[in-house]
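# Report on the structure
Listed here are the chains, written in short residue letters.
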Amino acid sequence: MREVAIVAFAQSDHRPDTADVSEVELLLPVLRRVLDDVGLTTGGIGFTCSGSSDYLAGRAFSFTMALDGVGAWPPISESHVEMDGAWALYEAWTKLLTEEADTALVYSCGKSSPGNLREVLTRQLDPYYLAPLWPDSVSLAALQAQALIDAGETDEHALAGVAARARTAAEDNPHAQLAGSAEPARLLDAPYLVRPLRRHDCPPIGDGAAAVVLAAGDTARRLCRRPAWIRGLDHRVEPHALGVRDLTRSPSTRLAAERAGAFDSPVDTAELHAPFTSQEVILRRALRLGEDVRVSPSGGAQAANPMMAAGLIRLGEAAAAIHRGGSDRALAHATSGPCLQQNLVAVLEGDPQ
Amino acid sequence: MTPASSSEALRAPLVVEFPFTRSLGPVQSAFLTGLRERTVLGVRTTDGRVLVPPVEYDPVTADELRDLVQVAPTGTVTTWAWNPSPSRGQPLATPFAWVLVRLDGAGTALLHALDAPGPRAVHTGMRVRIRWASARTGAITDIACFEPDPDQPAATGEPAPHSGEFTDPVRGIVAPARLDYTYAPGRAQTRFLAALAGRRTVGERCPSCRKVYVPPRGACPTCGVATAEQVEVGPHGTVTTFCIVNIKAKNLDIEVPYVYAHIALDGAGLALHGRIAGIPYDQVRMGLRVAPVWTEDGRYPDHYRPTGEPDADYDTYKELL
Ligand SMILES: [Zn+2]
């Protein structure tokens, strides 16, 4: 099979509100950086794919505006997923595997600030039995966290520890929206947002953009000193009725990881898309991550969770660690939907140093 | 739109509101009609589990499911979350617990709200019962919420088969949705709109291909680079193409027929849209020279009118069609 790698990654600074810029204005500097990094222009890219959601913008076909940023005239080979950009990367990866292109640009942009994100996300739920009740995203995550606590797999103090670790790690990430944390014991003094979750258990709500460049074979070697080769990539989904699932487990993550080859040999780094602290507990178990694995050294989604971009950023951060020589074999995970509904796992490797 | 206090960017409220009309399949129709009649139905899978709420295809095997059974209005909480500040549309206006409830006879859990005095009154494993809404229409909201029912032992035994037949079955639901946004058009469009309010039309030039975009969106779609240099265009322009509108738009106080046109303002690299007035609709033509007309308090041109200049030569605007 053809070798495909992530050869460049860029992201915006993630901020709670970006009303001063439109989506394309938010995205343009990120696209500029990622393309300059590999010395390509938009016209030199074989395939372009993006992820975003109209419900965030409150406007139909909102992604077409962002297309202005990639030079869509004269016509380019382009596609879009109404999801996190990690799934756009999956589409681009298959395009390169099937030799329909040698390079691909994948980007995503999400502005949560125009609306009330907790309410907006209810519109992605089952429209017959769930959406009419308007159960917000934090409440659904809280149900999952309580199930995990009842099962004896974590407690509120341990969850505060997860939050403190993530946000302390984010002190080294200049793009993070939140960085730094009080001691876990102090975090427990805060009131509940939706019990058993406190503010520190939940991701920041914010706006941001990200982009990566993929390339195949020798093109990748030419564009990047140490390409992050995609050894496997798979995504799986849970039944959409929450009451059918065991919320303390993530079998879709486990299966995606198996199919991506994550268990074939150990990884040294894992970038997890765990917006809620309890979800990191579930994912570590599903992915069989040992204590020796560096988990989300960027701070992960608990430090910056721009909707529709946070999953792509996990792939980008994992790849960037390989580009820098800081990782030899990394796992990246992206999620979408309530309570870890859909999960994507990628395994990335660098050539021996 | 109004300027924001903290920056020059414009902002305006934007409400997206729609009644989402959805049809139901046979199982969902029976379930929601049942709720209207205070009857809770589940569906039995081929391997014997009972799914409540029921679905038409087995999420594990993908088998078609039609084997309806009736389960109890009592059940057990399998997990919960205390919601101290309910928002619009949620089942209760006072603080409540979100719960997943496995009804007696069911093998899966239903999401709903539990009316309880506080989080200390809620725990996983507690017994609850349905509180029915007083007015029921055949929707998940026919269950007003759950309420504690500590003395009710769990019903045992197999749920009884049910035909799923009711008089006047519910065939569809209307799910109203409303989301409130604050729309902010960004730098380029803010500059454009601010200039228009001052009766000037300002485009932005691409630093690479030199094309002038009106209205500007901040990027050149050909080159994929930011546009920044502002260029005043117009006020006169040329009709490059047009159509005659014969359909009266809702909430629009314009008599039909009227003409809607693409207008290339002098100096602009592409045409913008506008209504043409001040000339009979059947005399509008390609090449007609026009100028914008503002109403007294208008923040943007109301329409474009003929200037009386000779028509533009086709070669001067053919690239802008
Ligand atoms: Zn240009």
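No experiment lies behind these values; they were computed from the predicted model shown.

What follows covers the coordination of the zinc ion. Residue and element names in this part refer to chain B. For the zinc ion, the full set of protein donor atoms is Cys206 (SG), Cys209 (SG), Cys220 (SG) and Cys223 (SG), at a range of 2.3 Å. Here the zinc ion is ringed by 4 donor atoms whose angles at the metal span 108 to 111°, and the overall shape comes out tetrahedral. Positions of the donor residues of the zinc ion, expressed as sequence spacing, correspond to C-x2-C-x10-C-x2-C. Here Cys206 is found in the loop between β13 (201-205) and β14 (212-213), whereas its partner Cys220 is found in strand β15 (residues 219-220), with 14 residues between them in sequence. Classification of Cys206 by relative accessible area gives buried; the value is 0%. Owing to a relative accessible area of 0%, Cys220 belongs among the buried residues under this scheme.

Turning to the nonpolar core, a few remarks are in order. Ranked by size, the top nonpolar core spans 59 residues in total, and within it Val40(B), Leu114(B) and Phe146(B) carry the most contacts. Excluding its chain neighbours within four sequence positions, the residues that come into contact with Val40(B) are Phe31(B), Leu35(B), Val52(B), Val69(B), Gln70(B), Val71(B), Leu103(B), Ile130(B) and Trp132(B). Judged by nonpolar contacts, the second largest core, of 39 residues, contains Trp87(A), Ala216(A), Ile313(A) and Ala319(A).

What follows is about empty space enclosed by the protein. Using the criterion set out here, one finds 3 cavities of 30 Å³ or more in the structure. There is about 140 Å³ of room inside the largest cavity. Elements that contribute at least two residues to the lining of the largest cavity include exactly β2 (47-51), α2 (54-57), α3 (63-66) and β4 (103-111) of chain A. Classifying every residue of the lining of the largest cavity by side-chain character gives 6 nonpolar, 7 polar and 2 charged. Approximately 70 Å³ is the volume attributed to the second largest cavity. Around the second largest cavity, the lining residues are Val21(A), Ser22(A), Glu23(A), Ala57(A), Arg59(A), Lys111(A), Pro114(A), Thr182(B), Tyr183(B) and Ala184(B).

Another point: the interface of chain A and chain B. Contacts between the two partners involve 53 residues from chain A, matched on the other side by 61 residues from chain B. Carbon and sulfur atoms supply 61% of the area that chain A and chain B bury against each other, a total of about 4,800 Å² over both sides. In terms of surface lost to chain B, no three residues of chain A exceed Tyr128(A), Tyr129(A) and Leu133(A), which account for 17% of the buried area on that side. Taking the shortest distance from any N to any O, the salt bridge between Asp17(A) and Arg11(B) comes out at 3.4 Å. The interface formed by chain A and chain B holds 18 residue pairs in polar contact (both at pLDDT 80 or more) in total. Among the elements of the structure, α1 (23-38), α2, α5 (117-120), α6 (137-150) and β5 (192-194) of chain A are those that each provide at least two residues to the side of chain A that touches chain B.

Residue and element names in this part refer to chain A. All chains considered together, the criterion is met by 45 salt bridges over all chains. With a shortest N-O distance of 2.8 Å, Glu3 and Arg221 are connected by a salt bridge. Of this pair, Glu3 sits in the segment before β1 (4-11) while Arg221 sits in helix α9 (residues 217-223); the two residues are 218 residues apart in sequence, bridging distant segments of the chain. A residue is classified by how much of its surface remains accessible, and Glu3, at 30% relative accessible area, is partly exposed.

Residues and elements named next belong to chain B. Taking burial as the measure, the 10 residues of strand β6 (residues 74-83) include 9 buried ones, the bulk of the element. Pairing geometry for β6 and strand β9 (residues 127-132), over 3 bridges, is antiparallel. Within β9, the position partnered with Thr76 by the bridge is Arg127. Where β6 lies against strand β7 (residues 96-103), 8 bridges are found, and the strand directions are antiparallel. Each bridged residue has a counterpart across the sheet, and for Thr79 the counterpart in β7 is Leu100.

Here the bond from Val214(B) into Pro215(B) is cis, since omega is -10°, no more than 30 degrees from zero. The topology assignment puts Pro215(B) in the loop between β14 and β15. Cis rather than trans, the peptide bond between Val256(B) and Pro257(B) has omega equal to -5°. Secondary-structure assignment places Pro257(B) in the loop between β18 (237-245) and β19 (258-265). Positive phi values are uncommon outside glycine, yet Trp134(A) reaches one of about 50°. One can find Trp134(A) in the loop between α5 and α6. A relative accessible area of 9% means that Trp134(A) is categorised as buried. Here Cys339(A), not a glycine, exhibits a phi torsion of approximately 50°, which is positive. Along the chain, Cys339(A) falls in the loop between β11 (329-336) and β12 (342-349).

The rules behind each value
Residues numbered from 1 in each chain as written. Chains lettered and ligands numbered in written order. Predicted model: local features only at pLDDT ≥ 70, side-chain atom pairs only at ≥ 80, totals over all residues. Heavy atoms only, no water. Donors = N, O, S within 2.8 Å, 3.2 Å for Na, K, Ca; no water. Tetrahedral: all angles 85-135°; square planar, octahedral: opposite > 155°, others 65-115°. Helix = DSSP H or I, 4+ residues; strand = E, 2+ residues; numbered from the N terminus. Buried < 20%, exposed > 50% of the residue type's maximum accessible area, 1.4 Å probe, protein only. Core = buried A, V, L, I, M, F, W, Y, C linked by side-chain atoms within 4.5 Å. Contact = heavy atoms within 4.5 Å. 1 Å grid on protein atoms, 1.4 Å probe; cavity = no way out; pocket = protein on both sides within 12 Å on 5 of 7 lines; lining within 4 Å. Points joined across faces, edges and corners; volume = space filled by probe spheres on them. Nonpolar A, V, L, I, M, F, W, Y, C, P; charged D, E, K, R; others polar. Buried area = accessible area lost by both parts, 1.4 Å probe. Salt bridge = Lys/Arg side-chain N within 4 Å of Asp/Glu carboxyl O. Polar contact = N/O pair within 3.5 Å; in protein donor to acceptor, adjacent residues only side chain to side chain. Pairing = 2+ DSSP bridges.

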